[in-house]
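Here are the chains, one letter per residue:
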Amino acid sequence: MYDAAAVLKQSAREAAALAKQTGVDETPQIATRADAQDEADRRNYAIQAAIGAKEGAAEAITNKVGSNITDSVLRNADGNDNKSVDEYTLYEVLQAAIQGAIRPTMTEILSQKVAVINHKFDFRKTIATNMEILRAKVNRVTSYGITHDETEITLTLLANINYATHHDWGRELRPAMQEIRKRYKYNHTHDATSLADILSELAAADAIRTLSDAPEPSTESANAVNDTVSLFQDLMQAQSDYEESAFAVHSDSESSSNTRKKSSRGKSRERNNNGRGRSKSRDKAKGINNDCPGCKEFKRRKRHPNIDNAKCFWNRKYKGFRPAWICQEMEIPYKGRHKFSSDMGGYPSDSEEDE
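Model, not experiment: these values are computed from the prediction.

### Some remarks on helix H3 (residues 67-74)
Phase 1: Burial in H3 covers these residues: Ile69, Thr70, Val73 and Leu74. When H3 is viewed along its axis, its buried side chains cluster within an angular range of 115° and face the same direction. Along H3, the residues that are exposed and aim more than 90 degrees away from the buried face are Asn68 and Ser72.
Phase 2: Buried residues along H3 sit against helix H2 (33-65) and helix H4 (90-99).

### Some details on the side chain of His119
Phase 1: For His119, the location among the structural elements is in the loop between helix H5 (106-117) and helix H6 (127-142).
Phase 2: Overall, the relative accessible area of 8% leaves His119 in the buried class.
Phase 3: When near neighbours in sequence (up to four residues on either side) are disregarded, His119 contacts Asn130, Ile133, Leu134, Lys137, Thr156 and Asn160.

### Considerations on the nonpolar core
Phase 1: The biggest cluster of nonpolar side chains holds 25 residues, and the ones touching the most others in it are Phe123, Leu157, Ile161 and Leu202.
Phase 2: Those residues in contact with Ile161 that sit more than four places away from it in its chain are Phe123, Ile127, Leu173, Met177 and Leu202.
Phase 3: By size, the runner-up hydrophobic cluster in this structure holds ten residues, among which are Cys295, Trp314, Tyr318 and Trp325.

### Things to note about the packing of aromatic side chains
Phase 1: Counted according to the given criterion, the structure contains eight aromatic pairs.
Phase 2: Considering the side-chain rings of Phe298 and Trp314, the 5.3 Å spacing of their centres and the 40° angle between planes classify their relative orientation as tilted. Taken as a pair, Phe298 in the loop between helix H14 (293-297) and helix H15 (324-330) and Trp314 in the loop between H14 and H15 lie far apart in primary sequence, 16 residues in all.
Phase 3: Grouping aromatic residues by their ring pairs yields a cluster made of Phe121, Phe123, Tyr163 and Trp169.
Phase 4: Against the face of Tyr88 rests Lys54, its NZ or CZ located 4.8 Å from the ring centre.
Phase 5: Here the basic side chain of Lys120 rests over the ring of Tyr163, its NZ or CZ set 5.5 Å away from the ring centre.

Rules behind the numbers
Residues numbered from 1 in each chain as written. Predicted model: local features only at pLDDT ≥ 70, side-chain atom pairs only at ≥ 80, totals over all residues. Heavy atoms only, no water. Buried < 20%, exposed > 50% of the residue type's maximum accessible area, 1.4 Å probe, protein only. Helix = DSSP H or I, 4+ residues; strand = E, 2+ residues; numbered from the N terminus. Arc of directions from axis to C-beta. Contact = heavy atoms within 4.5 Å. Core = buried A, V, L, I, M, F, W, Y, C linked by side-chain atoms within 4.5 Å. Phe/Tyr/Trp six-rings, centres within 6.5 Å; stacked < 30°, edge-to-face > 60°. Lys NZ or Arg CZ within 6 Å of the ring centre and 35° of its normal.

Geometric descriptors of this kind do not, in isolation, establish any biological role.
Here's what the structure looks like:
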């Protein structure tokens, strides 16, 4: 930081150096204390703005990835004191964030893949601009090792154009779409050449289209792919329910063997007594009358009649093993199954396996 005295001394040194070169006495540009103070304030203002921006960026990165990752850069070796703003660079902070970043799960990567496939164009913009946005999403997915080739990009493009042709604001695209259908059959394997040809055909129609007539992307366009997204979500939910049920049965297999027999006999009597009893049993399976407090808290419908409520995965007081996805939803730390005893959901010991 500068003060008036430092500015006066610097100005005097600069005048002396210039006088030595020219052989003529030079008057310092800043000779009064008032001018020196104004110059000091101006320099300090710029320095403070730069310091504030640097500290703000470092804080934002820390809030995003966690202090345990950035402390190696922002704190001293002993970890007790913060480094001064001159002792680290934003490049070092970013590198630490990248190296310590949590890698996405396969479910998250698959979700991004589905999001690219279901990408909806904003027809208030040109098709070329929408393609740039689509390719940016493709590049993000590709960075995870997921291939999204020209065939899938072309499919997303044509699906969006087909949607637009069914509305009055997209009528200018109808002749181009008809021409594309003549050139390429539905089972054509598209590549970069065919994609470029399609974009060229659409560009001519896009040039005469009134962009302002197109509506803002809304639930109408989103509903066009709602079934696909719903199917994906159902598949993921079914997998979660299966994992929960399978592990619950495994962890209490001995105590539930007889109960399963009684339950199966009870279900057979229910089917015999009620001609349409199947729909009632399905309603019960969905957990409409689920009395488990833990399941109710997290809105889990599936009942677990063979498992005590105290051993429910969703019971916060349960001290046994929980699958990772349940810990994530409950926002609690995950512990590996090997850390628990067999009666708490862990792996059986060697002696237990011998028996």
